[in-house]
Amino acid sequence: MPYLRSDFVKLYKSKQVKIMLIVLAFVMIFDPISVLIINSPQSGFYENVGRHYFQFWVLMNSVSWGNTVYMTLLWIFPVISTGLIMYEEKVTSVKAFLVSRNGWGSYYISKVLTVFISTFVNFFVLLSVNVLVTLLCFHSEVKTDQFWFCVPKEATFAYKFYEISPMCMIFVYIFLNALLLALLAVLIMTTYSIVRMKNKYIALIAPAACLYVIQYAISWLLVDRMNYDISLIIQPMASAALIQTIHGSDVLLTYGIIAIIVFLFIILGYKRGREIV
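Presented here is a report on the structure given in the accompanying data block.

This part covers the packing of helix α2 (residues 15-39) against helix α9 (residues 104-137). Two numbers describe how α2 lies on α9: the axes approach to 9 Å, and their chain directions differ by 20°. Judged by the angle between their axes, α2 and α9 are roughly parallel. Between α2 and α9 lies a crossing whose hand is right-handed. Where α2 approaches α9, its residues Met20, Leu21, Leu24, Ala25, Met28, Ile29, Pro32, Ile33 and Leu36 are matched on the opposing element by Asn122, Phe123, Leu126, Leu127, Val129, Asn130, Val133, Thr134 and Cys137.

Next up on the list: the pattern of salt bridges. If you walk through the whole model with that rule in mind, you get one salt bridge. Between lysine 111 and aspartate 7 there is a salt bridge whose closest N-O contact spans 3.0 Å. Highlighted residues: lysine 111 in helix α9 and aspartate 7 in helix α1 (residues 4-13), separated in sequence by 104 residues. For the pair lysine 111 and aspartate 7, a shared accessibility class is recorded, and that class is buried.

Now for the packing of α1 against α2. What describes two packed helices is the angle between their axes and the distance between those same axes. Running from amino to carboxyl end, α1 crosses α2 at an angle of 65°, the nearest separation of the two axes being 5 Å. Residue-level contacts link Leu11, Tyr12 and Lys13 of α1 to Lys15, Val17, Lys18 and Leu21 of α2.

Here we come to the environment of tyrosine 216. Looking at the secondary structure, you find tyrosine 216 in helix α13 (residues 200-221). Between the C-alpha atoms of tyrosine 216 and serine 231, which are 15 residues apart in sequence, the distance is 9.7 Å.

Attention now moves to the state of the cysteines. Evaluated as defined, the whole model comprises zero disulfides. Left without a disulfide partner, cysteine 137 is nearest to the cysteine sulfur of cysteine 150, which lies 17 Å away. With relative accessibility at 8%, the residue cysteine 150 sits in the buried group.

To continue, consider the environment of alanine 208. If you trace the backbone, alanine 208 turns up in helix α13. Between the alpha carbons of alanine 208 and proline 78 there is a distance of 8.0 Å; along the sequence they are 130 residues apart. With residues near it in sequence (within four places) discarded, alanine 208 still touches Trp75, Ile76 and Val79.

Calculation criteria
Residues numbered from 1 in each chain as written. Predicted model: local features only at pLDDT ≥ 70, side-chain atom pairs only at ≥ 80, totals over all residues. Heavy atoms only, no water. Axes fitted to C-alpha atoms, helices over the stretch in contact; angles between N-to-C directions. Helix = DSSP H or I, 4+ residues; strand = E, 2+ residues; numbered from the N terminus. Parallel < 35°, antiparallel > 145°, perpendicular 65-115°, else oblique. Left-handed = near helix turned anticlockwise from the far one by under 90°. Contact = heavy atoms within 4.5 Å. Salt bridge = Lys/Arg side-chain N within 4 Å of Asp/Glu carboxyl O. Buried < 20%, exposed > 50% of the residue type's maximum accessible area, 1.4 Å probe, protein only. Disulfide = S-S within 2.5 Å.

Here it is in structure tokens:
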């Protein structure tokens, strides 16, 4: 792809992406360290709660500040991950110049691949860093009563991976989080080709607000079918705490629907963008 390398360079030079990566790196590194520092002086903490890494990595430790930051910003990450490259080139003469060199198809596909790959890699790597730091801070193999509250129910999709090893289950959830954010980032990127937005601030705020509204609406509609709620599927503690069981078929169906929607937006964005080149 003639544009792929330059698009990656542009994306990682984006101020929004740089800030996001710095903030996330800080969260992923210092959340487990802060948990260790705060709880170490407490008498009996490790005897009662435990010191197993499985309990304290950022997505499992739902009471930590790191988890709160991550889940609060979850629906903003896909917007920032686009770097607004498509939007900024659209409102300037850069897009017309680049398209004239190798065609709209190459230009558009490069943007889709760049956003998807970079977003997936960014979150997979950063969440993996958190696991590594957590493993260094909490390395006991002793399993207390509190530990078993984190273990997924036997009927859930997560339990099959937990049976292989807790670390295997962790990386399945890292994959699911990274994949979701990568798909949503592509979805947001295609909207910049479909919809004309007046300024950069609207381009940042409007898509994020829409994702929040859609997620709340889905959560409300699926109140009796929480096993299909994507915001719960990507949280490992949900497999242990929910009354309803999240099966492997639920995960595949939910991600399949999201992938189909993203694919339709890619097609729509391609046709719409080609019409106004």
